[in-house]
Amino acid sequence: MGAHADHDMGHTVAGWTGTAVVTLGFAVAGAAFVAGSGPGLWAGAALILLGAVAAWALHLAGRGKATGPRPPELRHWRTPDPAGRHGHPDCLGCRLAGRRTARAAARTPARAPVGAATPAAAPAPGASARV
């Protein structure tokens, strides 16, 4: 794999695609700024936004990775993430898409339905009940 065989550098299709499109957007916006072109600046901004959305969509399609290192067999940049379509734990992109993993769901306490009766608090020990 190269000089970093034991280290996960995070190279994924989502990462490479997003980086390439955003870099192109900054180049277009920079050239438009130098040329004094307002429409070129907007085109560059649109490419930057497109790159972010493309990286997010590819991540959600399983072509990204979760936070932290991957197992060695999944480190090649073209290898899809088998857990990507179900949501990654502690991943902002997955949470924004409405994907919750079992681990994240277990940490969130269940909420009572609106209007449901809640148990009354017990009085503190030694406190007398007033009527």
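Treat the numbers as computed from the prediction; the structure is a model and nothing was measured.

1. Brief notes about a nonpolar patch on the surface
Where nonpolar side chains cluster on the molecular surface, the patch consists of Phe 33, Val 34 and Leu 41 and spans about 350 Å² of accessible area. Looking at the secondary structure, you find Phe 33 in helix H1 (residues 13-35).

2. A word on the environment of His 88
Mapped onto the elements, His 88 comes out in the loop between helix H2 (38-63) and helix H3 (92-96). Separated by 23 residues in sequence, His 88 and Lys 65 place their C-alpha atoms 8.1 Å apart.

3. Digging into the confidence of the model for the protein
Scored by pLDDT, the protein has a mean of 74; 60% of the residues are at 70 or more. Across the protein, H1 holds the top mean pLDDT of 94, while helix H4 (residues 102-107) sits lowest at 50.

4. Observations concerning the side chain of Thr 12
Mapping Thr 12 onto the fold places it in the segment before H1. Here Gly 15 takes part through its backbone nitrogen, which lies 2.9 Å from a polar atom of the side chain of Thr 12.

5. Things to note about the environment of Val 13
Of note, Val 13 is situated in helix H1. For Val 13 and Leu 58, which are 45 residues apart along the polypeptide, the C-alpha to C-alpha distance reads 7.4 Å.

6. A closer look at H1
Here H1 spans 33 Å end to end across 23 residues, near enough to the 33 Å set by a 1.5 Å rise per residue. Every buried residue belonging to H1 is among Val 13, Ala 14, Gly 18, Gly 25, Ala 29 and Ala 32, and all of these are buried. Contacts made by the buried residues of H1 are with H2. Just past H1, the residue Gly 36 takes up positive phi, approximately 75 degrees.

7. Here's the deal with H2
Given 3.6 residues per turn, any residue in an α-helix points the same way as the ones three and four places further on. Compared with the 38 Å implied by 1.5 Å per residue over 26 residues, the 35 Å span of H2 between its first and last C-alpha is a close match. Considered for burial, the residues of H2 that qualify are Gly 40, Gly 44, Gly 51, His 59, Leu 60 and Gly 62. Buried positions along H2 lie against H1 and H3. The opening residue of H2 is Ser 37, an N-cap whose side-chain oxygen sits 3.1 Å from the backbone nitrogen of Gly 40.

8. Things to note about the environment of Ala 55
Looking at the element boundaries, Ala 55 is found in helix H2. A C-alpha to C-alpha distance of 6.2 Å links Ala 55 and Gly 15, two positions 40 residues apart in sequence. Those residues in contact with Ala 55 that lie beyond four places of it in its chain are Ala 14 and Gly 18.

Rules of the game
Residues numbered from 1 in each chain as written. Predicted model: local features only at pLDDT ≥ 70, side-chain atom pairs only at ≥ 80, totals over all residues. Heavy atoms only, no water. Patch = residues over 30% accessible without salt bridge, like charges linked within 9 Å, V, L, I, M, F, W, Y side chains within 5 Å. Areas by Shrake-Rupley, 256 points an atom, 1.4 Å probe, with all protein chains shown as cover. Salt bridge = Lys/Arg side-chain N within 4 Å of Asp/Glu carboxyl O. Helix = DSSP H or I, 4+ residues; strand = E, 2+ residues; numbered from the N terminus. pLDDT = per-residue confidence, 0-100. Polar contact = N/O pair within 3.5 Å; in protein donor to acceptor, adjacent residues only side chain to side chain. Expected span 1.5 Å × (residues − 1). Buried < 20%, exposed > 50% of the residue type's maximum accessible area, 1.4 Å probe, protein only. Contact = heavy atoms within 4.5 Å.

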